[in-house]
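Now for the letters of each chain:
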Amino acid sequence: MREQAGRLDGRVAVVTGAARGVGELLARKLSARGATVVLVGLEADELKAVAGRLHTACGHWYADVTDDAAMARVAEEAVERFGKVDIVVANAGVATGGPVEGSDPDAWRRVIEVNLIGAAVTARAFLPALRRSRGYFLQIASLAAITPAPMMSAYCASKSGAEAFAHCLRAEVAHQGVRVGVGYLSWTDTDMVRGADRDDVLRELRRRLPWPANRTYPLGPAVDRLVAGIERRSPHVYAQWWLRGTQSVRGCLPGVIATVGGREMRRLAPRLAGRAHGPGQGLVGAGGAADEAARGGARSRVDTERS
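Residues numbered from 1 in each chain as written. Predicted model: local features only at pLDDT ≥ 70, side-chain atom pairs only at ≥ 80, totals over all residues. Heavy atoms only, no water.

Student: Describe the overall build of the protein chain, and please don't skip the residues or the numbers.
Tutor: The secondary structure content of the protein chain amounts to eleven helices and seven strands. Over its C-alpha trace the protein chain gives a radius of gyration of 19 Å, about what one expects of a compact globule, namely 19 Å for 307 residues. In terms of its C-alpha atoms, the protein chain occupies a principal-axis envelope of roughly 60 × 55 × 35 Å. For the protein chain, with 307 residues in total, the buried portion stands at 51%. In the protein chain, the share of contacts with a sequence separation of at least 24, taken over all contacts with a separation of at least 6, comes to 71%. Approximately 13,700 Å² of the protein chain is accessible, and the part contributed by carbon and sulfur atoms is 54%. Averaging the positions of the 42 positive and the 32 negative side-chain charges in the protein chain gives two centres separated by 7 Å. (Helix = DSSP H or I, 4+ residues; strand = E, 2+ residues; numbered from the N terminus. Rg over C-alpha atoms; globule rule 2.2 N^0.38 Å. Buried < 20%, exposed > 50% of the residue type's maximum accessible area, 1.4 Å probe, protein only. Contact = heavy atoms within 4.5 Å. Areas by Shrake-Rupley, 256 points an atom, 1.4 Å probe, with all protein chains shown as cover. Lys, Arg positive; Asp, Glu negative; His and termini not counted. Charge placed at Lys NZ, Arg CZ, Asp CG, Glu CD.)

Structure representation (structure tokens):
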């Protein structure tokens, strides 16, 4: 990873959701290029382990990206420690799957909170620092922002919202020298995708998607493309080569998905009956479990204080 060292020398980069998956590898690759890295997430032990694998100075903060006060504190302390912030990657995300009817309302709402509201909270906290450095904000979106899909309503809604938020923000801060990008990923080999694949219906539905959307892509090349986009301060970054082409046909996709997806849902209806509390209804993957554990601990502390 040191063959491209130095491209980001002197830069300070913040990565949310840095304990695993895209965030963890992105932090390592940014560090390998010389950036000082600020790791933010809900898994303190994992963040500490990631920090130990970096090549440059770093710091790690335990914080929920939906908590305005916590993220403001992270931004203040990061600037105090490292002097500035040049790059912010709003990567933190969770997912749930299954039909809307009968879904777990807490899990469904949490996907919106983390993926969309968390992006806005992150941007608001770090914009003063990015304005001073004339920096770059990268919002991690998804193919789900471009293509609606049944059984993924919360995730598609959140990523569509996050994409729109980044486009709005780009126009607001361009005159201040801050650049804003959107990163798009298809199914990439992470704990989140592997967690979703543990549900047989979600796995089958995904595998019946047309090529190349039915593949799971390796993490390394996807993150390499994100890093290249960060270095260029690109407005759009595509982690898989073919995603760029979906932009030109996205206006047609809702109609196509309504037809094809409706047919698939009719076929799967007998298997979905009675699955209101099935395995696809909570937050998926190790990251989802960590989010639920962190919120459970917070609720326990609040209940104890109230009693």
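Next comes the rest of the write-up.
Student: Which residues make up the pairing of strand β1 (residues 12-16), and what values do they have?
Tutor: In terms of burial, β1 is largely enclosed, as five of its five residues are buried. The two faces of β1 match: Val 12, Val 14 and Thr 16 on one face and Ala 13 and Val 15 on the other face are all buried. As defined by bridge partners, β1 adjoins strand β2 (residues 36-41) across five bridges and the pair is classed as parallel. If you follow Ala 13 over to β2, its bridge partner there is Val 37. The parallel pair β1 and β2 is bridged by helix α1 (residues 21-32), and the resulting crossover is right-handed. Of the pairings in the sheet, the one linking β1 to strand β4 (residues 87-90) comprises three bridges and is parallel in character. Bridge pairing in β4 links Val 15 to Val 89. (Pairing = 2+ DSSP bridges. Right-handed = clockwise from strand over helix to strand, strands pointing away.)

Student: Give me the lowdown on the pattern of salt bridges, citing residues and values where you can.
Tutor: Think of it this way: side chains of opposite charge can pair up when their charged atoms draw near. Scanning all chains against the criterion turns up 21 salt bridges. Arg 267 is the salt-bridge partner of Glu 264, the closest N and O atoms lying 2.8 Å from each other. One end of the pair, Glu 264, and the other, Arg 267, are both in helix α10 (residues 253-272), three residues apart, so they sit about a helical turn from each other. Assessed through its relative accessible area of 11%, Glu 264 is described here as buried. Among the charged side chains, a salt-bridge network with shared partners connects Arg 20, Glu 43, Asp 189, Asp 191 and Arg 194. (Salt bridge = Lys/Arg side-chain N within 4 Å of Asp/Glu carboxyl O.)

Student: I'd like a rundown of unusual backbone geometry, residues and numbers included.
Tutor: Going from Trp 211 to Pro 212, the amide bond is cis rather than trans, its omega being 5 degrees. Residue position: Pro 212 is located in the loop between α7 (200-207) and α8 (219-232). Phi at Met 151 is positive, roughly 75 degrees, even though this residue is not glycine. Tracing the sequence through the fold places Met 151 in the loop between β5 (136-140) and α5 (153-173).

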